[in-house]
Amino acid sequence: MIHLYGVVEELAELPPAVVGVDEGPLERHRVEGLELIVSRTVERNDVTQAAVLSHANVVEELMARSGAVLPARFGHTFTDEQELAAAVKTKASELARGLKLVRGCLEFGLRALSGDGASQNTPGEPSGRDYMRTRLAEEKARQRLAEELHEPLARLSRASTRFGGASRDLLQAAYLVPRRYVAAFGDEVRRLEAAHADLTIVCTGPWPPYTFAANGEGEA
Amino acid sequence: MSMSEQQTLKHQVTLLELVDRVLNRGVVVSGDITLSVADVDLVYVGLRVLLSSVATLEESRERISATGAGP
């Protein structure tokens, strides 16, 4: 079986001494002008902690050595080269577009959690209508706050996505940031943290552009 | 929230973001993803166990870079 890590551009050399899922050595394959990084696995991949971390590790190593990387989603193994080549062929133009989008960029994740007890109940017995009105006002304030956090970061990004997220998350988002804006992005996160000390803001990254890898799909 | 609680939370969020990216994002080259929902649930169950012990995460990451990485 063949496990795909991603599509790369301008990879000088395979990361030395890095093995893939099941400790398989990495291989380069070229299909329709696209370079794929794969390894052989014994069986179809089980979703284990070790396999997931191996996949992530390989993608990060590729990221450090390539002009652009389009990370593959974990979860599909190909029976042989023919199946892999056929799958890539049907997606070649989307993959090329995806590579163009992510080139020169790093991905950052942001989660903002509001402090505990954000919605304090007013003392006494509020009427149903008052309760609904209060909740509505709170929800609007949350949305405004989320937008205040998201907007300045999105402005520094080539692309950005907001997720629904768990209810405690005020904002869950991902940003595709050109390398030359990464320092400014970091400054902006620190400014937001200082300006909103009551919130827990967690910025993660730099990540390989997993979130934006499929963005080449369906776009002209 | 204390500093160490903050740190623990940041570790947890980072791990969650990692697993979310590897399993739910990234490009799907083939038409189908053979992961069943049950598999994913299992990973998340495993993840929750893992989340309770940040030390475990550190260990497994170190182990992976030890088997893999060059300098």
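These numbers come from a predicted model, not from an experiment. (Residues numbered from 1 in each chain as written. Chains lettered and ligands numbered in written order. Predicted model: local features only at pLDDT ≥ 70, side-chain atom pairs only at ≥ 80, totals over all residues.)

**Considering the overall build of chain B**
A count of helical and extended segments in chain B gives 3 helices and 0 strands. Mapped from its N terminus to its C terminus, chain B presents α and β elements in the order α-α-α. Expressed as a percentage of its 71 residues, the buried residues of chain B come to 20%. (Helix = DSSP H or I, 4+ residues; strand = E, 2+ residues; numbered from the N terminus. Buried ≥ 20, exposed ≤ 12 C-beta atoms within 10 Å, placed from the backbone.)

**Examining the domain arrangement of chain A**
Residue and element names in this part refer to chain A. Entries for chain A in the domain assignment read domain 1 (2-102) and domain 2 (105-209). The straight-line distance from the C-alpha centre of domain 1 to that of domain 2 is 33 Å. Contacts between the two partners involve 7 residues from domain 1 and, on the opposite side, 5 residues from domain 2. The set of elements that each furnish at least two residues to the side of domain 1 that touches domain 2 consists of α1 (49-63), β4 (68-71) and α2 (81-102). (Domains from an automatic or database assignment. Contact = placed C-beta atoms within 7 Å.)

**Considering the packing of α1 of chain A against helix α1 (residues 3-24) of chain B**
Close contact between α1 of chain A and α1 of chain B brings their axes to 10 Å; oriented N to C, the two are set at 85°. Of the possible angle classes, the one that applies to α1 of chain A and α1 of chain B is roughly perpendicular. Within the contact between the two elements, α1 of chain A uses Val52, His55 and Ala56 of chain A and α1 of chain B uses Leu18, Val19, Val22 and Leu23 of chain B. In the contact of α1 of chain A with α1 of chain B, the residues fall into 6 nonpolar, 1 polar and no charged. (Axes fitted to C-alpha atoms, helices over the stretch in contact; angles between N-to-C directions. Parallel < 35°, antiparallel > 145°, perpendicular 65-115°, else oblique. Nonpolar A, V, L, I, M, F, W, Y, C, P; charged D, E, K, R; others polar.)

**Digging into α2 of chain A**
Since one α-helical turn is 3.6 residues long, residues separated by three or four positions face the same way. Residue and element names in this part refer to chain A. Taking 1.5 Å per residue, 22 residues should reach 32 Å; α2 reaches only 26 Å between its end C-alpha atoms and comes up short. Most pronounced at Lys91, the bend in α2 amounts to some 65°. Two residues or fewer after α2 comes Gly104, characterised by a positive phi angle close to 75°. (Expected span 1.5 Å × (residues − 1). Bend = angle between axes of the 7 residues up to and from the residue.)

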